[in-house]
Amino acid sequence: MSSEPASERRPPVDLEALAAELIAKYGEGQRVRVRRGVAQVAASWRDGDGELAAFVREHFIADPGQLDAAFARLEAVFEQIDGHTHEVGREARRASDVDLGPLLPVDPLLAAYDPAAHVTEDLFLAKPGFVVLLNWPLTTLAERDAEGPRYTRRQWAEARLAGRFARRVPGEVRQAVTRATAEADLYVSQYNLWMHHLVDGTGARPFPSGLRLISHWNLRDELKGRYGDPEGLAKQRMIIKVMERIVTQTIPAGVIDDPRVDWDPFTNKVSAAPPETVEANAPRREAAPRLDGAPEPDIRYAKLLAQFHAARREDPFVPTAPTAIARSFEFGRELLEARVTALLEQVLATPLVPRVAKEIERRLGRPLEPVDLWYAGFKAGGAPPEPQLDAITRERYPDAEAFARAMPEVLRGLGFTAERSRWLADRIRVEPSRGAGHAMQAMRRGDFPRLRTRVGAGGMDYKGYNIAVHELGHNVEQVFSLDTVDHTLLAGVPGNAFTEALAFVFQARDLELLGLKKPDAASERERVLNDFWQTWEIAGVALVDVAAWHWMYEHPDATPTQLREAVVRIAEETWTRYYAPVLGGTSTPLLGVYSHMISYPLYLSDYPLGHLIAFQIEEHLGKTGRLGAEFERMASFGAVSPDVWMTHATGAPVSAEPLLRATEAALESGRE
Ligand SMILES: [Zn+2]
């Protein structure tokens, strides 16, 4: 970082001597705090930061009263910094987020402006960050897991205070990560297949003209959508073959996003597409179509390796989580990898899988095969048809204002007291959204969350209403978790999965709130089995994602080809172990197809965890039957660790049991 010649640098500080000096001054009782504080400061201190020893002498706090005062000051000031910075960002994006009329060319630039981007580094440069590191302990996730259940609320708040400064990563290293992610994202976003140009052994084209699908999302959704099609199975098998060839990189490079090339994914033969079959909106290309059939040269894995090499540069700057894998579990998710793996394996290996599989088999009237990894036949029905619902919501909510006025009544309908409903509604601002709708939190008391909802000219349609109720769930959580939590350092909930689960609690009751019948038992049964199957599916995908990163850390000099071989092997082994017994296909690498693996690595575990957390919260609320009071009690506890939060909320740490119990009950209730 520094460009000064080595001879002009200050001599390294003798940390041992510095610590000894402070211990002599403040007494043996401060030994642990002194040594830890000095080491924590030294780990993040850089040449340009000045005299470390002088700083430490001036800012080490031994007196408990002074320590309390400093803690309170930092908590109050950080709330203001976070809250006002957040408001500045919100207002910069306002024209982009809120439907205020035509956008100006400058609006997207304003929306990309993030005033919070450099706050942490600024607090290091201005030194309050170092005051924190000198006086409060950084903790690892393992320590919080072991000690957290016995932490006082103040200790949790201190863990969050110090945690803000757990990493000081140089800008150039962060930028390298951003660049690698952006490049992987671009690669993924252009990975389209023109389905009309898939040809089978007879030369037929099973898919319609113009269908351009991005891997893997659209391919998977197309597969799911073919369950109702009498000719669907052949098409589904073809999609599976395409996916396998993407993972193994045996896909001919020439077929990617080029409708001028026909391809039989089974024989892997390519040929020039007859001109009359080439779609008019094909991407304009200077080069001739590639008809040599040469495979994609492991670009997929080169992108993943580039992510790995960039992420690895952060390692030395994060002593509490010195690998990208550790950081993905340590920050944000806050569940130890071993725990997450155990939860996922519990779902993967449960004896409920063959039982649900049997039910799917009965419905399909054929043995299951790999396509049924994405079985989409569980359908919650029973709701009135959508046009009828649209009519109800349009009349009730002609504009965003009407939804705002109705909020206290909606909240009472969910089980909040009249007083609480009014209090909450006073703290949530409703605005017309440009997009589908979202909830934007506040980050200081006195500021209020925004509920952005989309209302068309003819009033709020049912889809918009359904989203608005979901977002209201977020907003209510946001009000409780900021305004009623005892420490603003603990504002929020442990992570995304928690706020989504709480929002779902609202959303699942949207029909009741319209005065309609709530979903019946049969429909609820379909929902549970569908969620179970989806959780089972994505649990394996998540394991493959994490295992690929372990392999890269064990083989940091691997080539893209070696990485490809490893991922294919890992995906196949995972399949053989958990999926082949019910879906067959002993050696398919299908679980490696998710694009997140390339563009958002180490994120996939959040999906199955989200399902587990939602079921656990739902199960508890269903048991108590006091939704309003229980929701408030849960959401007011703040951002402690997921396990501590869940134990307070439901009496048990994060667990797969509620999902498994619900699935078991659904299977039982289906018995004739
Ligand atoms: Zn949400």
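Residues numbered from 1 in each chain as written. Predicted model: local features only at pLDDT ≥ 70, side-chain atom pairs only at ≥ 80, totals over all residues. Heavy atoms only, no water.

Chemist: What is the right way to look at the overall build of the protein chain in this model?
Modeler: Within the protein chain, the regular secondary structure consists of 30 helices and seven strands. For the protein chain, the C-alpha radius of gyration of 28 Å lies close to 26 Å, the compact-globule estimate for 672 residues. Here the C-alpha coordinates of the protein chain stretch approximately 85 × 65 × 55 Å along the principal axes. By residue count, 52% of the 672 residues in the protein chain fall in the buried class. The contacts in the protein chain between residues at least 6 apart in sequence include a share of 74% that link residues at least 24 apart. One way to put it: in the protein chain the 79 positive side-chain charges average out to a point 1 Å from where the 95 negative ones average out. (Helix = DSSP H or I, 4+ residues; strand = E, 2+ residues; numbered from the N terminus. Rg over C-alpha atoms; globule rule 2.2 N^0.38 Å. Buried < 20%, exposed > 50% of the residue type's maximum accessible area, 1.4 Å probe, protein only. Contact = heavy atoms within 4.5 Å. Lys, Arg positive; Asp, Glu negative; His and termini not counted. Charge placed at Lys NZ, Arg CZ, Asp CG, Glu CD.)

Chemist: Where do I start with the packing of aromatic side chains in this structure?
Modeler: We describe a pair of aromatic rings using the distance from one ring centre to the other and the angle between the two ring planes. For the structure shown, the criterion picks out 27 aromatic pairs. Summarising the aromatic geometry, the rings of Phe124 and Phe165 are spaced 5.4 Å apart at their centres and angled 85 degrees between planes, so their arrangement reads as edge-to-face. Linking Phe124 in helix α7 (residues 119-125) with Phe165 in the loop between α10 (153-163) and α11 (171-189), this pair joins segments that are 41 residues apart in sequence. By relative accessible area, Phe124 is classed as buried at 0%. Here the aromatic residues Trp45, Phe55, Phe78, Phe124, Phe130 and Phe165 are joined through ring pairs into a cluster of three or more. Geometry around Phe637 places Arg153 over its ring, the cationic atom sitting 4.5 Å from the centre. (Phe/Tyr/Trp six-rings, centres within 6.5 Å; stacked < 30°, edge-to-face > 60°. Lys NZ or Arg CZ within 6 Å of the ring centre and 35° of its normal.)

Chemist: Looking at this structure, I do not really get a nonpolar patch on the surface. What am I missing?
Modeler: A grouping of Leu104, Val106, Leu109 and Leu110 is seen on the molecular surface, where their side chains present a nonpolar patch of about 370 Å² in accessible area. By the secondary structure assignment, Leu110 is in helix α6 (residues 107-112). (Patch = residues over 30% accessible without salt bridge, like charges linked within 9 Å, V, L, I, M, F, W, Y side chains within 5 Å. Areas by Shrake-Rupley, 256 points an atom, 1.4 Å probe, with all protein chains shown as cover. Salt bridge = Lys/Arg side-chain N within 4 Å of Asp/Glu carboxyl O.)

Chemist: For this particular structure, what's the right way to read the pattern of salt bridges?
Modeler: If charged atoms from side chains of opposite charge come close, those side chains can pair. Scanning the entire structure with this criterion turns up 63 salt bridges. Between Asp483 and Arg427 there is a salt bridge, with its nearest N and O atoms 3.5 Å apart. Within this pair, whereas Asp483 is found in helix α21 (residues 462-483), its partner Arg427 is found in the loop between α20 (418-425) and β5 (429-432), the two being separated by 56 residues in sequence. Looking at Asp483, the relative accessible area reads 22%, which means it is partly exposed.

Chemist: Help me understand the sheet that holds β5, please; the structure alone is not making it clear to me.
Modeler: Sheet strands line up and pair through hydrogen bonds in the backbone, either parallel or antiparallel. Here we have three strands laid out as an open sheet, ordered β5-β7-β6, and mixed in their pairing. Looking at which strands have only one partner, the edges of the open sheet turn out to be β5 and β6 (437-440). Here the strands of the sheet are splayed against their neighbours by 15 degrees on average, with no regard to which way each runs. Here β5 runs beside strand β7 (residues 450-453); their pairing, made up of four bridges, is parallel. Each residue of the ladder has a partner; that of Pro432, found in β7, is Thr453. Helix α19 (residues 400-414) rests against β5 and β7 of the sheet, and its axis sits at about 160 degrees to β5. Where α21 meets the sheet, it contacts β6 and β7, and its direction lies at approximately 5 degrees from that of β6. (Pairing = 2+ DSSP bridges. Axes fitted to C-alpha atoms, helices over the stretch in contact; angles between N-to-C directions.)

Chemist: Before we go on, may I ask you to explain the environment of Pro108 in this structure?
Modeler: Mapped onto the secondary structure, Pro108 falls in helix α6. Overall, Pro108 belongs to the partly exposed group, its relative accessible area being 47%. A C-alpha to C-alpha distance of 35 Å links Pro108 and Gly225, two positions 117 residues apart in sequence.

Chemist: Just to check I follow, could you spell out the coordination of the zinc ion for this structure?
Modeler: Each pair of donors in an ideal octahedron of six around a metal sits at 90 or 180 degrees, and each pair in an ideal tetrahedron of four sits at 109.5 degrees. The protein atoms donating to the zinc ion are His470 (NE2), His474 (NE2), Glu500 (OE) and Glu500 (OE), with metal-donor distances spanning 2.1 to 2.6 Å. Each donor residue of the zinc ion belongs to the same chain, and together they define the spacing H-x3-H-x25-E. Within this pair, His470 and its partner His474 are both found in helix α21, separated by four residues, close to a single helical turn. Neither residue differs from the other here; His470 and His474 are each classed as buried. (Donors = N, O, S within 2.8 Å, 3.2 Å for Na, K, Ca; no water.)

Chemist: Just checking my understanding: could you explain the nonpolar core for this structure?
Modeler: Nonpolar side chains in soluble globular proteins tend to be buried together. The biggest cluster of nonpolar side chains holds 189 residues, and the ones touching the most others in it are Phe416, Val476, Phe506, Trp533, Trp536, Ile617 and Trp645. The dominant element in this core, judged by the number of residues it contributes, is helix α24 (residues 521-554), at 16 residues. Apart from residues lying up to four places away in sequence, Phe416 is in contact with Leu411, Ser421, Leu424, Val476, Phe480, Phe506, Leu627, Gly628 and Phe631. (Core = buried A, V, L, I, M, F, W, Y, C linked by side-chain atoms within 4.5 Å.)

Chemist: It is not clear to me how the side chain of Asp298 should be interpreted in this structure. Could you clarify?
Modeler: Looking at where Asp298 falls in the secondary structure, it is placed in the loop between β4 (269-272) and α14 (299-312). Only 2.8 Å separates the side chain of Asp298 from the side chain of Thr561, close enough to count as a polar contact. Here Arg564 takes part through its side chain, which lies 2.9 Å from a polar atom of the side chain of Asp298. Ignoring any residue separated from it by four or fewer positions in sequence, one finds Asp298 in contact with Gln249, Pro560, Thr561 and Arg564. (Polar contact = N/O pair within 3.5 Å; in protein donor to acceptor, adjacent residues only side chain to side chain.)

Chemist: Where do I start with unusual backbone geometry in this structure?
Modeler: Excluding glycine, most residues fall at negative phi; most peptide bonds, likewise, are trans. Residue His216 is reached from Ser215 by a cis peptide bond, and omega for that bond is -5 degrees. Tracing the sequence through the fold places His216 in the loop between β2 (212-214) and α12 (217-225). We note that Asp298 has phi near 60 degrees; this positive angle belongs to a residue other than glycine. By relative accessible area, which is 7% here, Asp298 ends up buried.

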